[in-house]
Amino acid sequence: MTDIAPSPSDTDTPAFIAPVAMENDPDALFAGDRGILDADVRRVLVRILQRRFLVAENSPAEWKLLIEHQQMIESRLNDLFVRLVVDHARGVAYKEQVRSDDVDVPILLKDEAYSRAETLVLVYMRTVFQRETTAGTASARVDVEEVEQTVLTYFSETDGTRASQQRAVRTAIARLDREGIIEEESEGRYRIGPLIEIVLSAEVLRELQRWLDEQIPDAGTPASLTDEAEPGIETVASAIVEEERA
């Protein structure tokens, strides 16, 4: 009887591929790691997903990595039906949920609506920023009292006591501070950053001003809110208005 010698493939190839130990795979960041991005680039990707905005001025190292690896980061986000928007002029990056009538897109990102008080504060901040930058001022700044004085004119007695209205305005300012739209430089004084142009484009601002006109039809609109936004400002992320009507 003639023995049949096993083929090289029968002896050299194991039935299952054994996992590579981390010490033998220097590129792995953790056990079972199948990722191909470097650790620093992965962190930037996570920051994009975690935060509403990535600002070059505040995070120069992360911004540099984002620009260097933008195509790869975009690819990873696109796999999740998320779009990356990079505004080089303003030094701002942010993400957008892809929506399509042609493709079944699972929604990963949820819109966080602004309250009425937050919307009022945003519109005031936006018009101040536009006015100051158009006049050639390097940066726009506002005081809490200044914001309250204007925004509170849009509240009525049905919106609660004056104290509760003031709390609503200050809570709105605190949210914008957390989101990086404004920055507190000293107690009660804020610098308005270029993100305000992204949150409220000229088109959205005009729509909101029409909405504000309807809020106090008898009292008229404060002059500080009627300054016309300069047309042509590029649109960016959505500003979602939650209208709270009695």
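Scroll up a little and you will see the structure.
Residues numbered from 1 in each chain as written. Predicted model: local features only at pLDDT ≥ 70, side-chain atom pairs only at ≥ 80, totals over all residues. Heavy atoms only, no water.

A. Just the sheet that holds strand S5 (residues 182–186), in detail. The 3 strands are arranged S4-S6-S5 in an open sheet whose pairing can be described as antiparallel. Sheet topology places strand S4 (140–143) and S5 at the edges, where each strand pairs with a single neighbour. On average, each strand axis in the sheet is tilted by 35° relative to the strand beside it, whichever way the strands run. Sheet topology places S4 next to strand S6 (residues 189–192); 4 bridges connect them, and they run antiparallel. (Pairing = 2+ DSSP bridges. Helix = DSSP H or I, 4+ residues; strand = E, 2+ residues; numbered from the N terminus. Axes fitted to C-alpha atoms, helices over the stretch in contact; angles between N-to-C directions.)

B. Region of the structure containing the nonpolar core. By size, the foremost hydrophobic cluster in this structure holds 40 residues, and its most contacted members are Val121, Val147, Ile181 and Ile192. If you tally residues by element for this core, the top one is helix H5 (residues 116–134), at 9 residues. In contact with Ile181, other than residues within four places in its own chain, are Arg52, Tyr114, Leu122, Leu176, Arg191, Ile192, Gly193, Leu195, Ile196 and Val199. Counting 16 residues, the second largest nonpolar core, distinct from the first, contains Leu37, Ala56, Trp63 and Leu84. (Core = buried A, V, L, I, M, F, W, Y, C linked by side-chain atoms within 4.5 Å. Buried < 20%, exposed > 50% of the residue type's maximum accessible area, 1.4 Å probe, protein only. Contact = heavy atoms within 4.5 Å.)

C. Inspection of the pairing of strand S3 (residues 92–97) at higher detail. Extensive coverage of S3 is indicated by the burial of 5 of its 6 residues. Judged from the 3 bridges that link them, strand S1 (residues 53–55) and S3 form a sheet pairing that is antiparallel. Bridge assignment links Leu54 to a residue of S3, and that residue is Ala93. As judged from the 6 bridges shared by strand S2 (residues 82–87) and S3, these two strands associate in the antiparallel manner. For Val86, the partnering residue across the bridge sits in S3 and is Ala93. Turn length for the S2-S3 hairpin, with the two strands adjacent in sequence and antiparallel, is 4 residues, and the turn residue Gly91 shows positive phi of about 70°.

D. The sheet that holds S2, seen in detail. Here we have 3 strands laid out as an open sheet, ordered S1-S3-S2, and antiparallel in their pairing. Of all the strands in the sheet, just S1 and S2 have a single pairing partner and so form its edges. With strand direction ignored, the average angle separating the axes of adjacent strands in the sheet is 20°. Each of S1, S2 and S3 touches helix H2 (residues 39–50); the most contacted strand, S3, lies at about 65° to it.

E. Quick peek at unusual backbone geometry. The phi dihedral of Phe81 is positive, around 60°, even though this residue is not glycine. Relative to the helices and strands, Phe81 is located in the loop between helix H4 (70–78) and S2.

F. View of the packing of aromatic side chains. Taken as a whole, this structure holds 1 aromatic pair when the rule is applied. Judged by centre distance (6.1 Å) and plane angle (75°), the ring pair of Phe53 and Tyr94 falls under edge-to-face. Within this pair, whereas Phe53 is found in strand S1, its partner Tyr94 is found in strand S3, the two being separated by 41 residues in sequence. Accessibility assignment for this pair places Phe53 and Tyr94 in one class, buried. We note Arg116 situated over the ring of Phe155; from NZ or CZ to the ring centre the distance is 5.2 Å. (Phe/Tyr/Trp six-rings, centres within 6.5 Å; stacked < 30°, edge-to-face > 60°. Lys NZ or Arg CZ within 6 Å of the ring centre and 35° of its normal.)

G. Up close: the environment of Ser186. Tracing the backbone through its elements, the reader meets Ser186 in strand S5. In this structure, the C-alpha to C-alpha distance between Ser186 and Asp143, residues 43 residues apart in sequence, is 9.6 Å.

H. Here's a closer look at the environment of Val92. Counting through the fold element by element, Val92 comes out in strand S3. Residues Val92 and Asn58, 34 residues apart in the sequence, show an inter-C-alpha distance of 9.9 Å. Those residues in contact with Val92, other than ones at most four positions away along the chain, are Phe53, Leu54, Trp63, Val85, Val86, Asp87, Leu195 and Ile198.

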